[in-house]
Amino acid sequence: MKELKIQTIKNGTVIDHITAGNAVKVLHILGIPKTSSSTVSVAMNVKSKLGKKDIVKVENRELDPQEVDKIALIAPKATINIIRDFEVAEKHRVKLPKEIVGIVRCSNPTCVSNFNEPVESRFIVIREDPPRIKCYFCEREPEDIAERII
Amino acid sequence: MNFKGRDIISIKDFSKAEINHILECSKKMVPYAKGEKYTNILKGRVLSSLFFEPSTRTRLSFESAMNRLGGRVIGFSDPSGTSQKKGESLADTIRMADSYSDVIVVRHPQEGAARLAAEFADVPVLNAGDGAGRHPTQCLLDLFTILTEKKKIEKNKIVLLGDLKYGRTVHSLAYALSLYGVELTFVSPGSLKMPKEVINECKELGVEPRSTSSLEKAISDADVLYVTRIQKERFPDAEEYNRVVGIYKVDNDLLKHARKDIIVMHPLPRVTEIKPEVDKTPHALYFKQAFNGVPVRMALLSLISGGRL
Ligand SMILES: Nc1ncnc2c1ncn2[C@@H]1O[C@H](COP(=O)(O)OP(=O)(O)O)[C@@H](O)[C@H]1O
Ligand SMILES: [Zn+2]
């Protein structure tokens, strides 16, 4: 358990197996720390059996797995671990929702969602891992999703 | 099959059975579209015709269709006289049209505009072309033209020629034709080839399109030659454009290599890709195809408004 030396938390959430390099984007998608005052620690390029990964630990806050599912866009292998009294009490593998709203900007410059219209960007998920999405409005598929995070 | 209240945004929103139903209704509309019979099934209904981008055929045939059904049309064919120039969003314009009318037809330069319009309108929205995106009523009238001329869509050998990369009609047409199991051949200049995604869609529907640069060979046993315009604006310089447009010309000489009953279609406007000499031959179907826009749009308007002949 080498990883634990990074930081042990009593209660909270650990997002594990984040695609290496994407931890900051994951936090950005979750609106952390803006929406929370919890202590957050990030470990990047952690060695693991399956190569390098990033880990995020949020203290004293149990993230709602449904709420976190959207990070599957850029971290399809991530797990959400709810920690209670130092133990992993619940574990959830992220699963992309059917639609992704307001997180990714359409890569088509002439897509109506990139103009001054009162709509959020909206994508339909066509494959989970590796994720493929297409714009609800213009049907364009962004090539590099991580690049397009708003 | 219930179409009442439905939006017509993309041909992909419809099953083959639904498309067949639309085509059957279109057939019944022909004498009314020609003015040989009269109907008032949409009497008292108002259509908003919102053209943010120029169009001749699509707009006129939609407006003719609504009038032929006994309904009325309001709208604009040029946004310069509207609040859009003052920066009004499409969403707000649609909200207005929604409260003034029973059905909305929209043509807009941005891809996805019709889908967005449908989000803001309670009344049904018909996509009359959104940027380089979709144009489902064109696709339906193309299918209708093949069906009426060839008695069936299945098994026809169909050649799509021209700008297959950017042409907005050919992508949805290739998809829709694949639903019917036709034989597809794509002919285009090297720089304007059919995108891979479209070819994959055809394959998923069980059609293996062939691609070739030899038009003569491609049309030798074809039933339908579908020609599209090569758009000048796609080319960085005039010289390259002239070289590319020059490669494929449909004229009577070329058609000597084809079957006697080949039909030549074109969504129009054409520029130089079909010589006027072809117009007088029985192969020329493009004007009839343009007329077919009226019965097909009549069918759609009556289906989504719940009007029955
Ligand atoms: N009390 C704790 N404080 C901080 N991190 C923890 C705690 N318990 C487990 N973790 C971390 O949560 C993740 C999931 O733990 P575990 O279920 O044991 O691993 P795995 O998913 O690899 O089987 C791991 O990254 C682990 O280091
Ligand atoms: Zn888009």
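Residues numbered from 1 in each chain as written. Chains lettered and ligands numbered in written order. Predicted model: local features only at pLDDT ≥ 70, side-chain atom pairs only at ≥ 80, totals over all residues. Heavy atoms only, no water.

Asks: Residue-level account of the overall build of chain A, with values.
Replies: Secondary structure summary: chain A contains two helices and eight strands in total. Counting from the amino terminus, helix and strand elements in chain A follow one another as β-α-β-β-α-β-β-β-β-β. Computed over the C-alpha atoms, the radius of gyration of chain A is 16 Å, within 12% of the 15 Å expected from 2.2 N^0.38 for a compact globule of 150 residues. Dimensions along the principal axes, computed over C-alpha positions, put chain A at roughly 50 × 30 × 20 Å. In chain A, the proportion of contacts linking residues at least 24 apart, taken out of those at least 6 apart, comes to 61%. As displayed, chain A offers around 8300 Å² of accessible surface, 50% of which is attributable to carbon and sulfur atoms. When the 25 basic and 21 acidic side-chain charges of chain A are each reduced to a single mean position, those positions are 4 Å apart. (Helix = DSSP H or I, 4+ residues; strand = E, 2+ residues; numbered from the N terminus. Rg over C-alpha atoms; globule rule 2.2 N^0.38 Å. Contact = heavy atoms within 4.5 Å. Areas by Shrake-Rupley, 256 points an atom, 1.4 Å probe, with all protein chains shown as cover. Lys, Arg positive; Asp, Glu negative; His and termini not counted. Charge placed at Lys NZ, Arg CZ, Asp CG, Glu CD.)

Asks: An account of helix H9 (residues 238–247) of chain B is requested, with residue identities and associated values reported.
Replies: Residue and element names in this part refer to chain B. Within the sequence span of H9, burial applies to Tyr241, Val244 and Val245. Considered in projection along H9, the buried side chains sweep an arc of 95° and stay on one side of the axis. Relative to its buried face, H9 has exposed residues pointing more than 90 degrees away, namely Glu239 and Arg243. (Buried < 20%, exposed > 50% of the residue type's maximum accessible area, 1.4 Å probe, protein only. Arc of directions from axis to C-beta.)

Asks: How would you sum up the packing of helix H2 (residues 57–68) of chain B against helix H11 (residues 286–305) of chain B? Please name residues and give values.
Replies: Two numbers describe a pair of packed helices, the interaxial angle and the distance between the axes. Residues and elements named next belong to chain B. Contact pair H2 / H11: the axes reach a minimum separation of 8 Å and the direction vectors enclose 50°. By the angle between their directions, the pair H2 and H11 is classed as oblique. For the pair H2 and H11, the sense of crossing is right-handed. Seen from H2, the contacting residues are Arg57, Thr58, Ser61, Phe62, Ser64, Ala65, Met66 and Arg68; seen from H11, they are Ala290, Gly293, Val294, Arg297, Met298 and Leu301. (Axes fitted to C-alpha atoms, helices over the stretch in contact; angles between N-to-C directions. Parallel < 35°, antiparallel > 145°, perpendicular 65-115°, else oblique. Left-handed = near helix turned anticlockwise from the far one by under 90°.)

Asks: Before we move on, can you summarise the domain arrangement of chain A with the specific residues and values?
Replies: The parts lose accessible area when they come together, and the size of an interface is often stated as this lost area. Residues and elements named next belong to chain A. Domain annotation for chain A reports domain 1 (12–93) and domain 2 (99–148). Distance from the C-alpha centre of domain 1 to the C-alpha centre of domain 2: 23 Å. Listed by partner, the interface residues are nine residues for domain 1 and nine residues for domain 2. Between domain 1 and domain 2 the total buried area reaches about 700 Å² when both faces are included, carbon and sulfur atoms providing 74% of it. Joining domain 1 to domain 2, the criterion identifies two salt bridges. Residue Asp129 is joined to Arg93 by a salt bridge in which the shortest nitrogen-to-oxygen separation is 4.0 Å. On inspection of domain 1 and its partner domain 2, the count reaches two residue pairs in polar contact (both at pLDDT 80 or more). Grouping the amino acids of the side of domain 1 that touches domain 2 by side-chain chemistry returns five nonpolar, no polar and four charged. (Domains from an automatic or database assignment. Buried area = accessible area lost by both parts, 1.4 Å probe. Salt bridge = Lys/Arg side-chain N within 4 Å of Asp/Glu carboxyl O. Polar contact = N/O pair within 3.5 Å; in protein donor to acceptor, adjacent residues only side chain to side chain. Nonpolar A, V, L, I, M, F, W, Y, C, P; charged D, E, K, R; others polar.)

Asks: Go over the sheet that holds strand E1 (residues 12–19) of chain A with me, naming the residues and quoting the values.
Replies: All names here are of chain A. Spatially, the five strands line up as an open sheet ordered E2-E3-E1-E4-E5, and their pairing is antiparallel. Edge positions in the sheet fall to strand E2 (40–48) and strand E5 (87–93), since each of these pairs with one other strand and no more. Between one strand and the next, the sheet's axes are offset by a mean angle of 20°, whatever the strand orientation. Both E1 and strand E3 (residues 51–59) contribute to a ladder of six bridges, which runs antiparallel. (Pairing = 2+ DSSP bridges.)

Asks: Give me the side chain of Ser188 of chain B: which residues, what numbers.
Replies: Residue and element names in this part refer to chain B. With respect to the helices and strands, the residue Ser188 is situated in the loop between strand E6 (183–187) and helix H7 (196–204). At a separation of 3.4 Å, a polar atom in the side chain of Ser188 contacts the main-chain carbonyl oxygen of Leu192. Aside from chain neighbours lying at most four places away, what touches Ser188 is Gly162, Leu164, Lys193, Thr212 and Tyr248.

Asks: Tell me about the sheet that holds strand E6 (residues 99–101) of chain A, residues and numbers included.
Replies: Within a beta sheet, neighbouring strands are joined by backbone hydrogen bonds and run either parallel or antiparallel to one another. Residues and elements named next belong to chain A. The three strands lie next to each other as E6-E7-E8, forming an open sheet whose pairing is antiparallel. The sheet is open, and its two borders are formed by E6 and strand E8 (132–135), each paired with just one other strand. For this sheet, the mean inter-axis angle between neighbouring strands, taken without regard to orientation, is 35°.

Asks: Explain helix H6 (residues 168–179) of chain B to me, and be specific about the residues and the numbers.
Replies: Residues and elements named next belong to chain B. When you tally the buried positions in H6, you get twelve out of twelve residues, the bulk of the element. Among the residues of H6, Arg168, Thr169, Val170, His171, Ser172, Leu173, Ala174, Tyr175, Ala176, Leu177, Ser178 and Leu179 are the ones counted as buried. Positioned one or two residues after H6, Gly181 has a phi angle of 65°, which is positive.

Asks: Before we move on, could you go through the pairing of strand E4 (residues 79–84) of chain A and cite the residues and values that matter?
Replies: Note on strand geometry: in a regular strand, side chains alternate between the two faces of the sheet. Residue and element names in this part refer to chain A. In terms of burial, E4 is largely enclosed, as five of its six residues are buried. When E1 meets E4, the two strands line up antiparallel, connected through five bridges. Its bridge partner lying in E4, Ile15 is registered against Ile80. One ladder, built from six bridges, connects E4 with E5; its direction is antiparallel. The partner of Ile83 across the bridge, within E5, is Val88. Remark: two residues form the turn of the hairpin made by E4 and E5, two consecutive strands paired antiparallel; Asp85 in that turn has positive phi of roughly 50°.

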